[in-house]
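Chain and residue survey
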Amino acid sequence: MALDRDTAMQVAAVLSKGLPYIQRFTGKTIVVKYGGNAMENVELQRSFARDMVLMKLVGINPIIVHGGGPQIGELLDRLQIKSHFVDGMRVTDSETMDVVEMVLGGRVNKQIVSLINQQGGKAIGLTGKDANLIRARKMEVVKPSPEMSRPEIVDIGHVGEVVKVDSEVITMLTRSNVIPVIAPIGVGPDGTAYNINADIVAGKVAEELNAEKLILLTNVSGLQDRQGKVLTGLKSAEVDALIADGTIHGGMLPKIRCALNAVKNGVHTAHIIDGRVAHATLLEIFTDEGVGTLISR
């Protein structure tokens, strides 16, 4: 059935509006951290996969780094392995690390690859252990100790931080018309596997590749002021000020710091957007208004 005139004009206007952005970002790299509601809702999963395929078809190079905390927690519960957290990070002993690798490197990673391939794209799943893609070291958590003259170093097991990202591996894949899907597992010099926060991995990948954009999908509408209004078009100095005055606090702080570090280290813009909105990545990239918070140098 043919579109009526009004609908046809609306479709044409949307397509026309996206053209300058397609021209601007063709050949550019965009790193997307995928997680939260966008990963758990079936319709949002499909819309995300279609977005990635469309971006690749118009000449943009999307690179996906995914999380999987809820899926890890679910399997640990089924296996009756108790989870403990320190400063929001899961304490990861050897038994828990086996589950992390199974869930992130296996189930979740392959599900995302399959979704993209079903939508007509070509995706390949990787962990940071493949070809030493993400070299890592053990993270140390230092906590003040009133009873001791020196701070206490808390051992949180196989939790790591990024030392180096091998950009050659990723570049080889993107040049082959493939969408890389990366699980945030790093590898140490002795072959030890490390569980790394997906936001941090996405930021480091974006920095290493001098990406045009870093996009962090979240479960909120973006960075908000004290009245609940979404803030956007922020310069890095303005974000520093919002952290200093306490406007940015709690669970949003790690994401904001990740975005801030990225733009201070070569990424053109960072975006914190609402993953609960269908086609959020396309709306953020190809429209004037966007659907979240944009931070630039």
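Residues numbered from 1 in each chain as written. Predicted model: local features only at pLDDT ≥ 70, side-chain atom pairs only at ≥ 80, totals over all residues. Heavy atoms only, no water.

The next subject is the pairing of strand E13 (residues 213-218). Of all six residues making up E13, six are buried, and the element is well covered by its neighbours. Of the two faces of E13, the one carrying Lys213, Ile215 and Leu217 and the one carrying Leu214, Leu216 and Thr218 are both buried. Across four bridges, strand E1 (residues 29-34) lies against E13 in parallel orientation. Directly across from lysine 33, in E13, lies its bridge partner leucine 216. (Buried < 20%, exposed > 50% of the residue type's maximum accessible area, 1.4 Å probe, protein only. Helix = DSSP H or I, 4+ residues; strand = E, 2+ residues; numbered from the N terminus. Pairing = 2+ DSSP bridges.)

With that settled, the discussion passes to the pairing of strand E10 (residues 179-183). By the criterion of burial, E10 is predominantly enclosed, with five of the five residues buried. Residues Ile179, Val181 and Ala183 of E10 are buried on one face, and the alternating residues Pro180 and Ile182, pointing to the opposite face, are buried as well. Two elements, strand E5 (residues 123-127) and E10, share five bridges in a ladder whose sense is parallel. Bridge pairing in E10 places leucine 126 opposite isoleucine 182.

On to the environment of methionine 52, then. By the element assignment, methionine 52 lies in helix H3 (residues 42-57). A sequence separation of 230 residues divides methionine 52 from leucine 282, and the C-alpha atoms of the two residues are 8.8 Å apart. Look past the residues within four positions of methionine 52 in its chain and what remains in contact with it is Val32, Pro62, Ile64, Ile179 and Thr281. (Contact = heavy atoms within 4.5 Å.)

The feature "binding site: substrate" (unreviewed entry), as given by UniProt, occupies Gly68, Gly69, Arg90 and Asn195 in the numbering adopted here. With the annotated positions falling across 128 residues, the maximum pairwise C-alpha distance of 12.2 Å places them together in a single cluster. Relative to the assigned elements, glycine 69 resides in helix H4 (residues 69-78). Here glycine 69 falls in the partly exposed class, since its relative accessible area comes to 31%. As for its position among the elements, asparagine 195 is in strand E12 (residues 193-195). Discounting residues that sit within four places of it in the chain, asparagine 195 has contacts with Thr92, Met97, Val100, Leu104, His158, Val159, Gly160 and Pro184. (UniProt positions renumbered as here; feature names shortened; annotations may be inferred.)

With that settled, consider the sheet that holds E5. One open sheet holds the eight strands; their spatial order is E5-E10-E2-E1-E13-E15-E16-E14, and the pairing between them is mixed. Across the chains shown, the open sheet's two edge strands, defined by having one partner strand only, are E5 and strand E14 (234-235). As paired strands, E14 and strand E16 (residues 292-296) are joined by two bridges and run parallel to one another. In the sheet register, leucine 234 faces E16, and the bridge partner there is isoleucine 295.

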